[in-house]
Amino acid sequence: MRGTREGIGREIGLIALFAGAYLAISFAVQDSYYQLIMTLVLVWATLAMSWNFLSGYSGMISFGQASFFGLGGYAMTIAFVDFGITPWLGIPIGIVVGVLAGIIIGIPTFRLRGHYFALSMLAYPLAMLYVFEWLGYQEVSLPMMREAPAAFMQFSDQRVYIALALGMLVICMLVSLLAERTRFGMSLLAVKQNELAAEAAGIDSWRWKMYAMMVSSAMAAAAGGFYAVVVLVVTPPSLFGMLVSAQALILTLFGGVGVYWGPVIGAIVLVPLAETLHAELGHIVPGIQGVVYGVAIIVIILSAPDGIYWSIRDRLARRRRAGAPAEAAPAPDVAFPAAPVPAAGDRTLGGPLLELENVSLSFGGLKAVDNVTLTVREGSIHGIIGPNGAGKTTLFNVINGFLKAESGSIRFEGGELVGLKPHKVCALGLGRTFQVVRAFPRMSVLENVMVGAYVHAATDAEAVHRAREALQRVGLSGDQITATASGLPTKQLRLMELARALAARPRLLLLDETLAGLGHAELDDILAVIRQVNREGVTVVIIEHTMQAMVKLADAFSVLDHGSLIAGGAPASVVKDPRVIEAYLGRKWMDRAQDPVA
Ligand SMILES: Nc1ncnc2c1ncn2[C@@H]1O[C@H](COP(=O)(O)OP(=O)(O)OP(=O)(O)O)[C@@H](O)[C@H]1O
């Protein structure tokens, strides 16, 4: 399972096995050309690993990995040629330069998303290519240091380079493995699968993306520095060229995205193929490497779109399932037993917990939230109702920081929320769920909830503990929590999302149509959970269209229409208010309103 250290020892064993086998094969290979190819496989695998760390884990597709590769290569080369600094120091210098460039590039570029991010990343290596040409570094050769070759990383035995490159790759694999199994990787994966949900669950997506950029640029710069040592001559196209960035991306896509074995598999299969064809047929078909990578990407998209690693894994899992005995009956589909419910209004409520004062927000000419003032009392269940398009979800988005109020004030426990990012709002104790469930589909239910727990958990073990506790609170257990989130029935998804919000131990929960899409029995189960959570001290603000349920559940209503608050107060009186009936409930409700709790 991701997110815990389970199985980490086995993975380290596999890495050691791979490294040992690779080294053993390198001793068996006598031809220095093939030894060079074995070195290049490791260098390109490291570069592809750097792409995987940024793009595979976080989902931000980068076409510009050559920037860091080239800077690492040129920093080492210039340090060597102009200052006589050994590559043993030059490569670390290149790594520092690469990381600094990663930070400088990340700051403006993280504002962009999707295709815009990918394309703008493409611009950086192209610009650097011309800058280095303009600076006069068209072709730089490393001088031979015959008096002290080892001190300048110059070895007559090619196998020493293989061992060094293998060391570099193994370090990158271990760093990636550790990231995949800890909050680093889990946070990036959550951002990749649903950035808004991750932010609402307390994940600072910008910070994790920046960390990923720094680690990724360090790996790419190390690969670039080492590449320059091995090939001895560098040119701007060989370090910053399109083929370099494309290679990083294609090797990973081919081998498997989002897992550290992917780049290794991709490099082992494709690099020897491309290099051998280049050596044999390069004089007849110039640029044959590009053809190999082009064909590889078409084949992989058609036959195994997630890459070889995932394709093999899925096939093995299917075979295991087919051979396994019939699965045990699933754990009972439980929620909390419907405990006796204190009638709305019977409970003693605290003072104001959330206060909105003259809050407004427009989309162009449309006032989606218009001068709304309302107070939510501590310990209450506060219903937000209104017709479709009344501005209810927008109001939640303004409260939790997805949207910034244009005017007005939102105070939570007396502190101002306007201007805070969603993860900060979450950290203050304000959790939320969504109208359409925002799950992290490739994670298990437990992992989904762990993402919510990270905000206050110091360690991964504590996050697991808090997540299990939250799942227990919503009544999910056994097989239900190890299941993958994609494909879960609506009720379990709703409960999982509720647990994810609860894992941060909030004082106030914003629930956006949590009852939508549920049958009668399921609806009662979820209502029981909401009441239980409220009894445990969590204040609830809930948007809901099911009026019968809301009247029984809520202590107070606020009614929105066209962005404005048209009524507020105890449910029994609000549903009799002629303005509410006209705007929302309609005549049919008017007839029933004589006995609203029937
Ligand atoms: N990002 C946006 N850009 C432009 N208009 C928007 C945006 N989001 C919402 N709106 C508009 O703002 C108004 C309020 O929308 P909102 O989703 O908050 O309503 P709602 O009360 O939650 O409705 P529903 O009950 O159907 O979910 C609607 O007219 C909607 O079309």
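Source: prediction; values computed, not measured. (Residues numbered from 1 in each chain as written. Predicted model: local features only at pLDDT ≥ 70, side-chain atom pairs only at ≥ 80, totals over all residues. Heavy atoms only, no water.)

J.: I tried to follow the overall build of the chain on my own but got confused; where do I start?
T.: Along the backbone of the chain there are 25 helices and 12 strands. In terms of its C-alpha atoms, the chain occupies a principal-axis envelope of roughly 100 × 60 × 40 Å. The 598 residues of the chain split such that 54% are buried. Within the chain, contacts between residues separated by at least 24 positions form 75% of all contacts whose residues are at least 6 apart in sequence. Summed over its atoms, the accessible surface of the chain is roughly 25,300 Å², and 63% of this surface lies on carbon and sulfur atoms. For the chain, the distance from the average position of its 45 positive side-chain charges to the average position of its 45 negative side-chain charges is 3 Å. (Helix = DSSP H or I, 4+ residues; strand = E, 2+ residues; numbered from the N terminus. Buried < 20%, exposed > 50% of the residue type's maximum accessible area, 1.4 Å probe, protein only. Contact = heavy atoms within 4.5 Å. Areas by Shrake-Rupley, 256 points an atom, 1.4 Å probe, with all protein chains shown as cover. Lys, Arg positive; Asp, Glu negative; His and termini not counted. Charge placed at Lys NZ, Arg CZ, Asp CG, Glu CD.)

J.: What is the right way to read the layout of surface pockets from this model?
T.: The gaps of empty space that remain are located by a probe, the size of a water molecule, rolled over the atoms. Space inside the second largest pocket adds up to approximately 580 Å³. Along the wall of the second largest pocket there are 25 residues; nearest its centre are Arg-113, Glu-199, Ser-205, Lys-421 and Pro-422. Secondary structure elements with two or more residues in the lining of the second largest pocket: helix 8 (195-200), helix 9 (205-231) and helix 16 (422-427). Within the lining of the second largest pocket, the residues separate by chemical class into 13 nonpolar, 4 polar and 8 charged. Two domains share the lining of the second largest pocket, each providing at least three of its residues, namely domain 1 (8-23 + 33-251) and domain 2 (352-592). (1 Å grid on protein atoms, 1.4 Å probe; cavity = no way out; pocket = protein on both sides within 12 Å on 5 of 7 lines; lining within 4 Å. Points joined across faces, edges and corners; volume = space filled by probe spheres on them. Nonpolar A, V, L, I, M, F, W, Y, C, P; charged D, E, K, R; others polar. Domains from an automatic or database assignment.)

J.: What should I look at first to understand the site of the ligand in this one?
T.: Close to the ligand lie 14 residues, the nearest being Gly-389, Gly-391, Lys-392, Thr-393 and Thr-394. One of the side-chain nitrogen or oxygen atoms of Asn-388 is found 3.3 Å away from an oxygen atom of the ligand. Within the side chain of Gln-435, an N or O atom sits 3.0 Å from an oxygen atom of the ligand. For the ligand, the protein covers 60% of the area, taking 630 Å² as the surface of the free molecule. Contributions of two or more residues to the shell around the ligand are made by strand 4 (366-377) and helix 15 (392-399). (Near = heavy atom within 4 Å. Polar contact = N/O pair within 3.5 Å; in protein donor to acceptor, adjacent residues only side chain to side chain.)

J.: Any chance you could explain the nonpolar core here in plain terms?
T.: For soluble globular proteins, nonpolar side chains are generally found buried alongside one another. Counting 107 residues, the largest nonpolar core has Trp-44, Phe-69, Met-173 and Phe-226 as the members making the most contacts within it. Among the elements that line this core, the one with the most residues is helix 2 (residues 32-58), at 15 residues. Split by domain, this core shows at least three residues from each of two domains, domain 1 (8-23 + 33-251) and domain 2 (352-592). For Phe-226, the contacting residues outside a window of four places in its chain are Thr-39, Val-43, Ile-91, Met-153, Tyr-161, Leu-164, Ala-165 and Met-168. Counting residues in each nonpolar core, the second largest holds 57 residues, with Ile-385, Leu-511, Leu-518 and Val-575 among its members. (Core = buried A, V, L, I, M, F, W, Y, C linked by side-chain atoms within 4.5 Å.)

J.: For this particular structure, what's the right way to read helix 11 (residues 242-255)?
T.: For an α-helix the count is 3.6 residues per turn, leaving residues at separations of three or four pointing the same way. Taking 1.5 Å of rise per residue, the 14 residues of helix 11 would be expected to cover 20 Å, and the 20 Å separating its terminal C-alpha atoms lies within 8% of that figure. Within helix 11, 10 of the 14 residues are buried, which leaves the element mostly enclosed by the surrounding structure. Of the residues trailing helix 11, Gly-256 is marked for its positive phi of about 145°. (Expected span 1.5 Å × (residues − 1).)

J.: I keep staring at the side chain of His-423 and nothing clicks. Help me out?
T.: Relative to the elements of secondary structure, His-423 occurs in helix 16. Given a relative accessible area of 9%, His-423 falls into the buried group. Side-chain polar atoms of His-423 contact the side chain of Glu-199, separated by 3.1 Å. Setting aside residues up to four positions removed in sequence, His-423 forms contacts with Glu-199, Gly-202, Ile-203 and Asp-204.

J.: Quick question: what am I supposed to make of the pairing of strand 4 here?
T.: Here is the key point about a regular strand: its side chains alternate between the two faces of the sheet. Here strand 3 (residues 352-363) runs beside strand 4; their pairing, made up of 8 bridges, is antiparallel. What sits directly across from Leu-354, in strand 4, is Val-376. (Pairing = 2+ DSSP bridges.)

J.: How should the side chain of Ser-187 be read in this particular structure?
T.: When you line up the elements, Ser-187 lands in helix 7 (residues 183-193). Not counting residues up to four positions away in its chain, the partners in contact with Ser-187 are Ile-203, Trp-208 and Tyr-454.

J.: For this particular structure, what's the right way to read the domain arrangement of the chain?
T.: The accessible area lost on association of the parts is a frequent measure of interface size. Domain boundaries assigned for the chain yield domain 1 (8-23 + 33-251) and domain 2 (352-592). Taken over C-alpha atoms, the centre of domain 1 sits 43 Å from the centre of domain 2. Here domain 1 packs against domain 2, burying approximately 1,700 Å² in sum over the two surfaces, 64% of which is carbon and sulfur. It is Arg-183, Met-186 and Gln-193 in domain 1 that bury the most area against domain 2; as a group they hold 34% of the surface buried on that side. Taken together, domain 1 and domain 2 are joined by 0 salt bridges. (Buried area = accessible area lost by both parts, 1.4 Å probe. Salt bridge = Lys/Arg side-chain N within 4 Å of Asp/Glu carboxyl O.)

J.: Is there a simple way to explain the sheet that holds strand 9 (residues 508-512) in this structure?
T.: Neighbouring strands of a sheet are bound in pairs by backbone hydrogen bonds; such pairs are parallel or else antiparallel. Spatially, the 6 strands line up as an open sheet ordered 8-9-10-5-11-12, and their pairing is mixed. Bordering the open sheet on either side are strand 8 (430-432) and strand 12 (564-569), each of which pairs with just one other strand. Ignoring strand direction, the axes of neighbouring strands in this sheet form an average angle of 20°. Where strand 11 (residues 556-561) meets strand 12, 5 bridges bridge the pair, whose relative direction is antiparallel. (Axes fitted to C-alpha atoms, helices over the stretch in contact; angles between N-to-C directions.)

J.: Can you help me understand the packing of aromatic side chains in this one?
T.: Given two aromatic rings, their pairing is described by the distance between the two centres and the angle made by the two planes. If you walk through the whole model with that rule in mind, you get 24 aromatic pairs. When the ring of Tyr-309 is compared with that of Trp-310, the centres are 5.0 Å apart and the planes differ by 90°; the resulting orientation is edge-to-face. Judged by relative accessible area, Tyr-309 falls into the buried class, the value being 17%. Among the aromatic residues, those joined into a cluster by ring pairs are Phe-53, Tyr-57, Phe-184, Trp-208 and Tyr-211. The positively charged end of Arg-207 is found above the aromatic ring belonging to Trp-208, 5.0 Å away from the centroid. Between the NZ or CZ atom of Arg-438 and the centre of the ring of Phe-434, over which it lies, the distance is 5.0 Å. (Phe/Tyr/Trp six-rings, centres within 6.5 Å; stacked < 30°, edge-to-face > 60°. Lys NZ or Arg CZ within 6 Å of the ring centre and 35° of its normal.)

J.: Would you explain the confidence of the model for the chain in this entry?
T.: Caution is warranted with low-pLDDT regions, since their predicted coordinates should not be read in detail. When pLDDT is averaged along the chain, the result is 87, and 92% of the positions lie at 70 or above. With pLDDT under 50 throughout, residues 326-345 is counted as low confidence; its partners more than four residues away or in other chains account for 34 contacts. (pLDDT = per-residue confidence, 0-100.)

J.: Would you explain the pattern of salt bridges in this entry?
T.: Close approach of charged atoms allows side chains of opposite charge to pair. Taken as a whole, this structure holds 18 salt bridges when the rule is applied. A salt bridge links Glu-536 to Arg-473; the shortest N-O distance between them is 2.8 Å. Taken as a pair, Glu-536 in the loop between helix 21 (520-535) and strand 10 (539-543) and Arg-473 in helix 18 (residues 460-474) lie far apart in primary sequence, 63 residues in all. Among the charged side chains, a salt-bridge network with shared partners connects Arg-10, Glu-11 and Arg-181.

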